[in-house]
Amino acid sequence: MNPRNVAIIQARMGSSRFPGKMLARLGGIPLLEWVVRRLLRATTLAQVVLATSDGAGDDALVELAASLGVEVFRGSEADVLGRFVGAARMAGADNIVRICADNPFIDPVEVDRLVQHFADHPCDYACNHQDRLGSAYADGFGAEILSAALLEEIAADAIEPRHREHATLYLWDHASELKLSALSVPAGLAFPELRFDVDAPADLANLEALVSAGVAIDTPACEIIRIALANRRVASADFSVDACAELDRYLQRLFPLCRSITGNPNRETLRVLQELIPLAIHDVPSGTAVYDWTIPDEWNIRDAWIADASGRRMVDFRVSNLHVVSYSEPVNAVMDWVELQPRLHRHPELADAIPYRTSYYRRDWGFCVTHAQFAEMKKQRGPFTVVIDSELKPDALSYGEYLVPGRSTEEILLSCYICHPSMANDSLSGVLLTAFLARHIAGLKNRHWSYRIVFVPETIGAVAYCARNEAAMKRIDLGLVITTVGGPGKFGYKQSFDPSHPINAMIEEVLAETGTEFITYPFDIHGSDERQYSSQGFRINAATICRDRYYEYPYYHSSLDDLSFVTAKQIAETLKVYVRLIKKLEARRIYRNRIPHCEVMLSRHDLYPATGGAQRPELGGRSELDLILWLLFLCDGKLDLDRIAARLEVPLAELAPIADRLAGKGVLELV
């Protein structure tokens with residue numbers, strides 16, 4: 001008999017980013033109706049079911065589904081996985097086709113191709129809904145499929161809240177144990193940079209523009225792509241299509257790598273970033289003295305686990321690389337609970353989280369576990385097989401550098417750190433934003449400033465970079481340390497060590513111009529690499545624009561700082577703020593008096609009135625002579641024209657032409 005394939009639509013009204021979006025209208029039709037009507041045209045589906053919550057807020061979805069002839073299963077709002085199991089049982093499904101109601105342009109042909117592929121290719125799971133497993137699909141036309149039996153197994157094993165909140169997240173977290181498959185993409189849909197889902201009102205506006213351009217409820221996916229490309233300006237507004245899709249691909253690729261302060265995953269991360277920018281990769285050998293520090297031996301890890309007496313892995317590095325204390329030395333031993341327990345680390349507040357712990361400069365080892373794992377091992381008491389297949393040996397610390405020249409030789413520093421393993425906000429979000437920002441800067445025409453952009457392991461990497469580039473770093477006045485930029489919370493910025501430095505005022509202006517509510521964090525010695533760059537030998541005024549800053553969000557330094565907490569769209573929103581700041585920095589002009597010793601002889605440069613003796617300071621306003629004298633007095637190569645104009649209480653538009661004139665006469669020069 002043919003298997004019973006049931007499509008289950010996941011939908012609710014309580015979206016935090018876009019409340020009520022399932023009934024928001026696209027071309028006058030509710031989003032959910034778009035999904036249902038397009039899906040009902042698929043020929044391989046035995047039934048379509050809506051899985052929604054049992055909350056009163058979703059009653060309207062139930063009524064709409066009933067009017068469209070779709071059966072409904074209602075369950076816990078928080079337990080999405082449980083809802084899917086209940087819906088599958090109700091429908092008597094053999095296979096589940098998971099449909100996201102955020103995809104109003106879902107294509108019935110692609111759904112049929114997915115079901116047929118699953119029947120023809122033995123696998124546990126298949127998908128064609130986005131660029132997964134290298135498929136290069138545009139986001140929003142396809143779906144995911146798995147057997148009802150596998151769904152039941154997942155539901156029985158998934159105990160962490162984050163796995164219950166997503167229907168297939170547990171599957172992806174255990175991908176190494178399953179056979180996953182992605183369809184080969186038709187040429188007309190091979191646009192992984194495009195996305196057609198609705199996450200926020202801006203996304204709905206983009207799709208509304210495509211409906212206005214000709215997309216109808218029965219338009220095939222390939223035609224939607226053609227219309228989208230013809231209307232690329234609308235579709236790519238505010239990074240919602242192009243940058244978000246590209247950012248998401250790099251998030252997916254780089255998140256699993258077990259980065260530390262040294263090791264092959266760091267080099268792999270830098271090599272991946274070379275796809276975005278021409279990054280130079282440099283090595284500092286182990287044992288090298290860098291100021292008061294010494295580059296340690298390189299650490300690499302292949303596998304690690306704690307197994308019970310039956311050989312079952314109770315803690316598994318392959319599930320999360322955070323399970324192992326970073327820089328743990330090799331271990332292969334059998335021990336009881338009393339011996340093992342001191343080596344186990346738990347998060348002090350989050351029971352379901354795996355904490356992040358390190359032992360960089362002291363030979364040691366340990367495991368990081370959830371509270372449930374700890375309790376289970378404590379109950380069993382042992383014996384436990386404990387293995388850490390790691391290696392510590394002399395090699396090198398690697399960092400990346402990208403120097404972008406401008407008309408001025410004066411440099412602005414951009415720095416991020418690459419040493420953290422699978423944590424998305426701290427620090428992967430900063431790494432990707434820095435790479436995308438560097439690409440933007442390299443593409444600027446008539447770039448004024450030069451930029452020194454570095455990707456270093458935190459602390460030891462910044463120290464090593466400063467030691468190797470001391471003379472260049474001592475010439476830099478300001479910089480940006482880019483980290484924790486991808487959370488869903490408020491924007492914030494950490495001031496540089498001198499709160500009166502212009503970089504702080506410019507950041508505040510940019511955040512105010514965007515209408516963004518933000519938190520101001522004063523400089524302190526705790527934090528990231530700004531304390532290296534701002535140390536007494538360098539005194540670079542390094543500031544940070546962030547979202548959910550380190551220390552401030554509950555998932556900090558834990559496994560819950562993952563790709564469900566951080567999204568490409570949130571990083572893109574912060575990227576826009578940094579782009580605006582670069583634009584403001586590029587407009588900044590700093591002049592230096594070429595004759596700084598005593599005053600300039602103005603008449604020699606045709607800058608003084610023909611008849612002397614009659615001049616006196618103006619009682620109201622300022623004469624041109626006043627402004628010339630003030631510019632020559634204040635232009636010391638550090639104070640920019642904006643600040644001089646504010647100090648003199650004259651418009652910048654009035655002051656700038658006079659500064660240009662003085663530069664033309666050779667008495668001022670642009671820094």
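Located above this text is the structure these notes cover.
Quick summary incoming for the structure in this document.

Rules behind the numbers
Residues numbered from 1 in each chain as written. Predicted model: local features only at pLDDT ≥ 70, side-chain atom pairs only at ≥ 80, totals over all residues. Heavy atoms only, no water. Phe/Tyr/Trp six-rings, centres within 6.5 Å; stacked < 30°, edge-to-face > 60°. Helix = DSSP H or I, 4+ residues; strand = E, 2+ residues; numbered from the N terminus. Buried < 20%, exposed > 50% of the residue type's maximum accessible area, 1.4 Å probe, protein only. Lys NZ or Arg CZ within 6 Å of the ring centre and 35° of its normal. Pairing = 2+ DSSP bridges. Axes fitted to C-alpha atoms, helices over the stretch in contact; angles between N-to-C directions. Contact = heavy atoms within 4.5 Å. Salt bridge = Lys/Arg side-chain N within 4 Å of Asp/Glu carboxyl O. Parallel < 35°, antiparallel > 145°, perpendicular 65-115°, else oblique. Left-handed = near helix turned anticlockwise from the far one by under 90°. Nonpolar A, V, L, I, M, F, W, Y, C, P; charged D, E, K, R; others polar.

**As for the packing of aromatic side chains**
Okay, step 1: In total, this model carries 19 aromatic pairs according to the counting rule given.
Okay, step 2: Ring geometry for Tyr 125 against Trp 172: centres 5.5 Å apart, planes inclined by 80 degrees, an arrangement best described as edge-to-face. In this pair, Tyr 125 is assigned in strand β7 (residues 125–127) and Trp 172 in helix α7 (residues 169–173), connecting sequence segments 47 residues apart.
Okay, step 3: Note on Tyr 550 and Tyr 551: the rings are 5.1 Å apart at their centroids and 80 degrees apart in plane angle, and the pair reads as edge-to-face.
Okay, step 4: A residue is classified by how much of its surface remains accessible, and Tyr 550, at 3% relative accessible area, is buried.
Okay, step 5: An aromatic cluster is defined as three or more aromatic residues linked by ring pairs; in this entry it consists of Tyr 550, Tyr 551, Tyr 553, Tyr 555, Tyr 556 and Phe 565.
Okay, step 6: Positioned over the ring face of Phe 374 is Arg 346, at 3.6 Å from the centre of the ring.

**Looking at the sheet that holds strand β20 (residues 411–417)**
Okay, step 1: Judged by pairing direction, the sheet is mixed, and its 8 strands sit side by side in the order β10-β19-β21-β20-β22-β25-β23-β24 without closing on themselves. Each edge of the open sheet carries a strand with a single partner, namely β10 (280–285) and β24 (518–521). Along the sheet, successive strands turn relative to each other by an average axial angle of 20 degrees, direction set aside.
Okay, step 2: Pairing analysis gives 5 bridges linking strand β19 (residues 396–404) to strand β21 (residues 450–456), with the strands arranged antiparallel. Residue pairing for β21: Gly 400 is matched across the bridge by Phe 455.
Okay, step 3: Each of β10, β19 and β21 touches helix α12 (residues 264–273); the most contacted strand, β19, lies at about 20 degrees to it.
Okay, step 4: Along the sheet face, helix α20 (residues 568–587) touches β20, β21, β22 (478–481), β23 (491–494) and β25 (541–547) and points at about 150 degrees away from the line of β25.

**Notes on helix α21 (residues 624–634)**
Okay, step 1: The complete set of buried residues in α21 reads Leu 625, Asp 626, Leu 627, Ile 628, Leu 631, Leu 632 and Leu 634.
Okay, step 2: Of the surrounding elements, those touching the buried residues of α21 are β26 (590–593), β27 (636–640), α22 (641–648), α23 (652–664) and β28 (668–670).

**Considerations on the pattern of salt bridges**
Okay, step 1: Applying the stated criterion across every chain yields a total of 44 salt bridges.
Okay, step 2: In this structure, the salt-bridge partner of Asp 364 is Arg 343, at a minimum N-O distance of 2.4 Å. Note that Asp 364 is positioned in the loop between β16 (344–345) and β17 (367–368) and Arg 343 in the loop between α13 (337–340) and β16, a separation of 21 residues in sequence.
Okay, step 3: Arg 343 gets classed as partly exposed once you look at its relative accessible area, which sits at 27%.

**Observations concerning the packing of α21 against α22**
Okay, step 1: Packing of α21 against α22 brings their axes to within 11 Å, and their N-to-C directions diverge by 130 degrees. By the angle between their axes, α21 is oblique relative to α22. Considering the relative orientation of α21 and α22, their crossing is right-handed. Listed contacts from α22 to Leu 627, Trp 630, Leu 631 and Leu 634 of α21 are Leu 641, Ile 644, Arg 647 and Leu 648.
Okay, step 2: Its residues assigned to classes, the contact of α21 with α22 comprises 7 nonpolar, no polar and 1 charged.

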